[in-house]
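# Architecture at a glance
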Amino acid sequence: MAAGKEIRTKIKSVENTKKITKAMEMVAASKMRKAQDRMRHARPYSDKVRNIASNLGQANPEYTHAFMKVNESSQVGFIVVTTDKGLCGGLNTNVLRAVTAKLKELQGQGKQAQMVAIGSKGLGFLNRIGAPVVSQVTQLGDTPHLDRLIGPVKVLLDQYAQGKLSAVYLCYTKFINTMKQEPVVEPLLPLSAEQMRADTKESGEHGWDYIYEPDAQSVIDELLVRYVEALVYQAVAENMASEQSARMVAMKAATDNAGNLISELKLVYNKTRQAAITKELSEIVGGAAAV
């Protein structure tokens, strides 16, 4: 019964793995609800900042902020948002594949990229492919904090304001629903007045006439920086909600697969045990007949 003992050991091992994946599924489900609530709470703020920025851009057309100017440069920036931990299916693989495709497209146009990595998985990938990482932030935990994101992102924002970058792209995984998450590579800078105006019209907002204090330029400068930071924070919140959803689905699939494997192993074990019993009975009967 050496084979039977080996199968029993394997069944025990798979059962232990199933307990772990089931526990991770429950933890991910709990964290997913909190991450989704955080993401939904951040959306109204970013929408309101976008509406105000659009209205201010229309109310003061004689001043153009550096973020809304189109620069001529061979350098582009990427803000790559990934997770710090694995076991979340193809979440990181999909967004990094989209980043790689965009990089190849820009390199074909003679552009060079500078990277900001948010998350350990993206940082490791960018280091492996030899992409220049100018700043990074990892180990954000389950709750993103804007003060930890501002520093690394500000490196690219300052370079764009100085005219050293022609564009900045924001790469993250957008949360659609629990079963679907979509990798996104969208332009962050330059800010498009037409896009902000379109967003304002879609939300049903109308323009307001503002009284500026201390002056229009200072207010617009501060507001557009806050607007860009809100977009980055929203991207990180969306990515965290996607991470927990993908991890819950992946761990549920792993738990189901472990259950199926246990059933198959038990069937093989029973067949092996029955074959051994039949063999022993045949030997006893054969010995008795010989006597």
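Note: the structure precedes this text.
In this text, all values refer to a predicted model and were calculated from it rather than measured experimentally.

### Some words on the layout of surface pockets
In this approach the atoms are scanned with a rolling probe the size of a water molecule, which exposes any empty space left behind. By volume, the second largest pocket amounts to about 390 Å³. When residues of the lining of the second largest pocket are traced back to their parent elements, those giving at least two are helix H1 (2-59) and helix H6 (216-290). A per-element tally of the lining of the second largest pocket places H1 first, with seven residues. Broken down by class, the residue content of the lining of the second largest pocket amounts to nine nonpolar, seven polar and eight charged.

### Comments concerning the packing of helix H2 (residues 91-108) against helix H3 (residues 120-129)
Interaxial distance between H2 and H3 falls to 11 Å at its minimum, and their mutual angle equals 40 degrees. In terms of axis orientation, H2 runs oblique to H3. Read as a crossing pair, H2 and H3 show a hand that is right-handed. Here Asn92, Leu96, Thr100 and Leu103 of H2 come into contact with H3, specifically with Lys121, Gly122, Phe125 and Ile129.

### Side note on H3
Listing the buried residues of H3 in full gives Gly122, Leu123, Phe125 and Leu126. With its buried residues spanning 165 degrees around the axis, H3 presents them on a single face. Where H3 is buried, its residues touch strand E1 (75-81), H2, strand E2 (112-118) and strand E3 (133-137). Of the residues one or two after H3, Gly130 is the one with positive phi, at around 80 degrees.

The rules we used
- Residues numbered from 1 in each chain as written.
- Predicted model: local features only at pLDDT ≥ 70, side-chain atom pairs only at ≥ 80, totals over all residues.
- Heavy atoms only, no water.
- 1 Å grid on protein atoms, 1.4 Å probe; cavity = no way out; pocket = protein on both sides within 12 Å on 5 of 7 lines; lining within 4 Å.
- Points joined across faces, edges and corners; volume = space filled by probe spheres on them.
- Helix = DSSP H or I, 4+ residues; strand = E, 2+ residues; numbered from the N terminus.
- Nonpolar A, V, L, I, M, F, W, Y, C, P; charged D, E, K, R; others polar.
- Axes fitted to C-alpha atoms, helices over the stretch in contact; angles between N-to-C directions.
- Parallel < 35°, antiparallel > 145°, perpendicular 65-115°, else oblique.
- Left-handed = near helix turned anticlockwise from the far one by under 90°.
- Contact = heavy atoms within 4.5 Å.
- Buried < 20%, exposed > 50% of the residue type's maximum accessible area, 1.4 Å probe, protein only.
- Arc of directions from axis to C-beta.

Treat this as a map of the structure, not an account of what it does.
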